[in-house]
Amino acid sequence: MKTPVNYRFYPDSSERSIKIIKLIDRITYFFKSENDHRFKGDEKEEITLVQLAHIGDMILMLPAIKALKIMTGAKISLVVSSGNFKIATKVPFIDAVYVADAPYFSRDKKISYLKFLDQLRRIKTGILFDVRGDLRNNLFLKLFAKKKIFAGYNVGGGGALLDAELPYVHRGHVSKRINPLFNYLNLPDPVFSEYWEPNDLPCVPIEDVTLPEKFVLVHLGTGAQARKWPVQNFIQVIKGIALYFPVYVMGTEADLSPDEMTEISLLNNVTNCVGKFSMLQSISVVKRCTLFLGLDSGFSHIAALLYRKIVLIFSGTVNVDEWKPISLYKDQVTIIKETVDCDFTTGCGKLKCSHNICMTRISPHRVGEAVLRNAHEAPAINKREIN
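If you're wondering where the values come from, they're calculated on a predicted model, not measured in any experiment.

So, the packing of helix H2 (residues 55-72) against helix H3 (residues 82-90): which residues are in play, and what are the values?
Remark: H2 packs on H3, axes separated minimally by 10 Å, with the N-to-C direction vectors making an angle of 25°. With respect to their mutual orientation, H2 and H3 come out roughly parallel. As for how H2 packs across H3, the hand of that crossing is right-handed. Facing H2, whose interface residues are Ile-55, Met-58 and Ile-59, H3 presents Asn-84, Ile-87 and Ala-88. Taken together, the residues of the contact of H2 with H3 sort by class into five nonpolar, one polar and no charged.

If you had to explain the packing of helix H8 (residues 231-241) against helix H14 (residues 364-377) to someone new, which residues and values would you point to?
Running from amino to carboxyl end, H8 crosses H14 at an angle of 40°, the nearest separation of the two axes being 9 Å. H14 is crossed by H8, and the crossing has right-handed handedness. Facing H8, whose interface residues are Asn-233, Gln-236, Val-237, Gly-240 and Ile-241, H14 presents Pro-364, Val-367, Gly-368, Val-371 and Leu-372. Taken together, the residues of the contact of H8 with H14 break down into six nonpolar, four polar and no charged.

Lay out the nonpolar core in plain terms, naming residues and giving numbers.
Looking at soluble globular proteins, one finds that nonpolar side chains tend to be buried together. Formed by 71 residues in total, the largest nonpolar core has its most connected members in Leu-49, Ile-65, Ile-178 and Leu-181. Counting residues per element, this core draws most heavily on H2, at ten residues. Once residues lying within four places of it in the same chain are set aside, the contact partners of Ile-65 are Leu-49, Ile-76, Leu-78, Phe-93, Ile-94 and Ile-178. Among the nonpolar cores identified, the runner-up in size contains 35 residues, and Leu-291, Val-311, Val-371 and Ala-375 belong to it.

Could you give an account of the sheet that holds strand S10 (residues 291-295), with specific residues and numbers?
Strands sit in the order S9-S8-S7-S10-S11-S12 across an open sheet of six strands; the sheet is parallel. Lying at the two open borders of the sheet, with one neighbouring strand each, are strand S9 (270-272) and strand S12 (333-337). On average, each strand axis in the sheet is inclined to that of its neighbour by 15°, with strand direction left out of account.

A description of the state of the cysteines should follow, citing residues and the corresponding values.
Tallied over the entire structure, the rule returns zero disulfides. Take Cys-353: it sits in no disulfide, and the sulfur closest to it among the cysteines is that of Cys-342, at 6.2 Å.

I'd like to hear about the packing of aromatic side chains, residue by residue, with values.
For the coordinates displayed, the defined rule picks out 13 aromatic pairs. Between the aromatic rings of Tyr-113 and Phe-140, the centroid separation amounts to 6.0 Å while the plane-to-plane angle is 50°, which identifies the pairing as tilted. With Tyr-113 in helix H4 (residues 113-121) and Phe-140 in helix H5 (residues 135-144), the pair connects residues that are 27 residues apart, well separated along the chain. A relative accessible area of 16% places Phe-140 in the buried class. An aromatic cluster is defined as three or more aromatic residues linked by ring pairs; in this entry it consists of Tyr-104, Phe-105, Tyr-113, Phe-116 and Phe-140. One cation-aromatic arrangement involves Lys-147 over Phe-150; the distance from NZ or CZ to the ring centre is 5.5 Å.

What counts and what doesn't
Residues numbered from 1 in each chain as written. Predicted model: local features only at pLDDT ≥ 70, side-chain atom pairs only at ≥ 80, totals over all residues. Heavy atoms only, no water. Axes fitted to C-alpha atoms, helices over the stretch in contact; angles between N-to-C directions. Helix = DSSP H or I, 4+ residues; strand = E, 2+ residues; numbered from the N terminus. Parallel < 35°, antiparallel > 145°, perpendicular 65-115°, else oblique. Left-handed = near helix turned anticlockwise from the far one by under 90°. Contact = heavy atoms within 4.5 Å. Nonpolar A, V, L, I, M, F, W, Y, C, P; charged D, E, K, R; others polar. Core = buried A, V, L, I, M, F, W, Y, C linked by side-chain atoms within 4.5 Å. Buried < 20%, exposed > 50% of the residue type's maximum accessible area, 1.4 Å probe, protein only. Pairing = 2+ DSSP bridges. Disulfide = S-S within 2.5 Å. Phe/Tyr/Trp six-rings, centres within 6.5 Å; stacked < 30°, edge-to-face > 60°. Lys NZ or Arg CZ within 6 Å of the ring centre and 35° of its normal.

So, in structure tokens, the structure goes:
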């Protein structure tokens, strides 16, 4: 190992697992050859990017992927989980999509390692780039995916398995984690606003649904219990917003109780869309809203890429500077966050929390005030025509 690895582990990583990863690195670096894996020919003709985690992680990559496609003209492929496959196949600048369901990233359902490894064997590419920097990703991709150059990060272990170890920018925004690949390819860092268009994000219009000219969209869902805000708080905020704007409520039926579902359905000037639309249909509704109110979720990142005004209720589970939505214009995103001792500034890393004080301490009044202020100030999006 030429230089010490500047590791990045989640705050809830056990001391034992960290010691094991570092031991594996010491052994694998000892046997690592010093071969030069610079380009020899056609490696750059096909670039495959790997993001095996959740929808928000994938959405945050899209502006950089589009810039990569335009700058290189290469065939761009993406490796995603089956839950992200449908939307990924509709993105116009992605040429091919592979499915790989990593058992260690699954939040609910059990996934077979044998099936996962079989999925990886189907990957064949020139340059394979994993954005995660995870020992497990590095190991399985090294052994089972077919590639000419394997590039990625060493921050979670397994750097010795890479052909090209790229410099990881600690505390940088997640959307820029592909930037070192641009540098490796001798390309400038992309400026997202120069490449990204709202219509790049696929959607399916909903027939026979006429949306009002102005409305606030409230999304109740998030991928982890520790990032949830009480639904009764949302209901209180929705009542206040509905005095001034029509409100559309979205999410899944798992986000609220049957009683809460009924209560929302009975509110004046409120349309309950929970569980009614597909992912691609839901995006078409987000595309038309005046303001989006939600939690740290894939849909908040979708709203940002659609140039929507956003009020985001953010938990203490992750670093806000790394995981907040992309801002494509000034004051696009308003973050509401309560700092507590247990978020460790970097985020506690928890998916489940018994007290959830970083969320329960955020008052409905504070949220409602931010929504109304931003909704009244929301500009017309004249920069790009959204169809």
